[in-house]
Amino acid sequence: MPGTVAAPRGGVLRDLHDRYETVRDALSRIDKAAAGLGLPDISTRLIEDNGTSDRRGPEVQYLEIFAVSLATHHMLVAEGIQPIAIVGQSIGELWALAAAGHLPVEDAARLAVARSQALTRQSWRGKMLAVGVDGRRAESLAGLIDHPHLVLACENAPRQSVISGPEELIRHVERVADALGWPSLPLDVPHPTHTPAMAQAARDLRATAPRAAYGSGRWRVRSPWLGRDVGDDDPVDLVAGALTARVRMLQTVRELHAAGADIFVECGEWPVVTKFVEASIPGVRCVVPLSESDPVGAVRALVEDPAAIGPFSSRPPVRPSERLLPSARVSAPESADPPSAVALAEAPARVSAPVPAAPPYYAEPAAPVAPVVPAAPVAPVAPPVSAAPPAPAVSYAPPAPVTADAPAAPVTPVAPVTPVAPVDAVAQPAAGLDYETVLAELRTLYGDFLGYPPDLLGEDDGLESELGVESLKQVTLLGRVSERYDLPDLRSNTSLLTAGTLRRIAEGVVQGRAEAAG
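A brief structural summary.

About the criteria used
Residues numbered from 1 in each chain as written. Predicted model: local features only at pLDDT ≥ 70, side-chain atom pairs only at ≥ 80, totals over all residues. Heavy atoms only, no water. Patch = residues over 30% accessible without salt bridge, like charges linked within 9 Å, V, L, I, M, F, W, Y side chains within 5 Å. Areas by Shrake-Rupley, 256 points an atom, 1.4 Å probe, with all protein chains shown as cover. Salt bridge = Lys/Arg side-chain N within 4 Å of Asp/Glu carboxyl O. Helix = DSSP H or I, 4+ residues; strand = E, 2+ residues; numbered from the N terminus. Buried < 20%, exposed > 50% of the residue type's maximum accessible area, 1.4 Å probe, protein only. Phe/Tyr/Trp six-rings, centres within 6.5 Å; stacked < 30°, edge-to-face > 60°. Lys NZ or Arg CZ within 6 Å of the ring centre and 35° of its normal.

Turning next to a nonpolar patch on the surface. A cluster of nonpolar residues, Leu 144, Val 176 and Leu 180, forms a patch on the protein surface that exposes about 280 Å² of accessible area. Of note, Leu 144 is situated in helix 7 (residues 135–145). A residue is classified by how much of its surface remains accessible, and Leu 144, at 62% relative accessible area, is exposed.

Shown next, in the form of structure tokens:
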């Protein structure tokens, strides 16, 4: 089940609420716990698209993420998917405990709020930074500054790690990463965690959090920071211990896959955890029901014929303009036989059991439904910050056989070719630029970097949701745009990353250049 992610959109659970009694019961229990803590109703905004602001404090945000993860889990179970294990990352581990039946839903909600309040009381000026390199290099990068609170916090994928530390030092780390050519992105989370700096908050939580009854549960829960299944562990100690521990999602995903899980279902709104899975295990299949136009239909298709679900079915379908774009992911050939197990990864206020940073594994629902393992929420992730996907698969034609006695063909002289300037080396823009000119230049720049024909890049296509450009690549590209047009503030405009399109970037460039021209 997912950890700290962006607040879910209004109305995201309307259909699930209407269809499933178990979803209605779970949301009612979360609402009851929230009311007892003096918090506003949690389910109303998720059921009714009433435009209510999602900026209602971190406690509400955490409970909304919990509600989405738990509702998705119940939908999966109701449709016949049974997790062989549930994985939760960071606070998502708490969602996993509730989904698996280790902890009552109301107690999980109260503990989530107690955790948030303990972190707020510490009021630590920290920051988390996603870096597009492996854990070893990210740890070395943090080690250059040698501060006890600046550490490698999360190993999400082979080329995506998270560093946590004091805000001022994170800025230094970001500059060093930029100098090394390593993409990086600050994570917009209410409470930076997974660093020794959180020891005070952990002590506070152990002393003040309400204790709750807990048991063995119905399904396994795999902990990415413990590196083992959760056993007879007190939930308060688990949540407090995770605050200072490193989350090893990469290792957890690979262990679950080695144990037989080859389909991951993310219990969240968007593909966040599944991007880590795809980057960690090329060829594995991922499903994010809530990102589909028909979430229930996607789950039923998985139950009826797991082999029919194509690899990496984790992004929303492209709009009917339906342009074909090269995939940024490597797909291994599909086996003719159905997978032996289904892994469910719960995404943030992103099916069976909720899945935090690490996706859960669900047993493939065959005639007798095999157990599946749900994945827990992913450790703090930015408005979705995803790992860099593997490079596109490239096929090479084998060289033609050469006959030993074949005479050499005559060589026709070729005229020298005038070198062509690289795309980035375009003449510097004039002070005033019109929208169409900027859009054409952006299509060329982005198309060259991503390997897409420029004319297939629609100005309103979502860079991440439709074109598959993960956050770290967007950071790199936005940096090139800011340098080309001499607009340093453009790179720090996070709205261009969370809902980026070429239209919005082009409009930002035109406006910025106009302001610069006076």
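After that view of the structure, there is still more to cover.
Time to look at the pattern of salt bridges. In this structure the tally under the stated criterion is 23 salt bridges. Here Glu 64 makes a salt bridge to Arg 45, at a shortest N to O gap of 2.9 Å. Placement of the pair is Glu 64 in helix 4 (residues 58–78) and Arg 45 in helix 3 (residues 43–47), with a sequence separation of 19 residues. Of the two residues, Glu 64 and Arg 45, neither departs from the other in class, the shared state being buried. Between Arg 110 and Asp 107 there is a salt bridge, and its shortest N-O distance comes to 2.8 Å. A residue pair is termed a helical-turn pair when its members lie 3 or 4 positions apart in one helix, as Arg 110 and Asp 107 do in helix 6 (residues 105–122) at 3 residues. If you follow the salt bridges from partner to partner, you end up with Glu 139, Glu 155, Arg 246 and Arg 248 in one network.

Let us now look at the packing of aromatic side chains. For the coordinates displayed, the defined rule picks out 1 aromatic pair. Note on Phe 66 and Trp 95: the rings are 4.7 Å apart at their centroids and 15° apart in plane angle, and the pair reads as stacked. Of this pair, Phe 66 sits in helix 4 while Trp 95 sits in helix 5 (residues 92–100), and the two are 29 residues apart along the sequence. Sitting over the face of the ring of Tyr 62, Arg 115 holds its NZ or CZ atom 5.6 Å from the ring centroid. Its end group placed over the ring of Tyr 485, Arg 484 keeps NZ or CZ at 5.1 Å from the ring centre.

No statement about biological role is implied by the geometric values presented.
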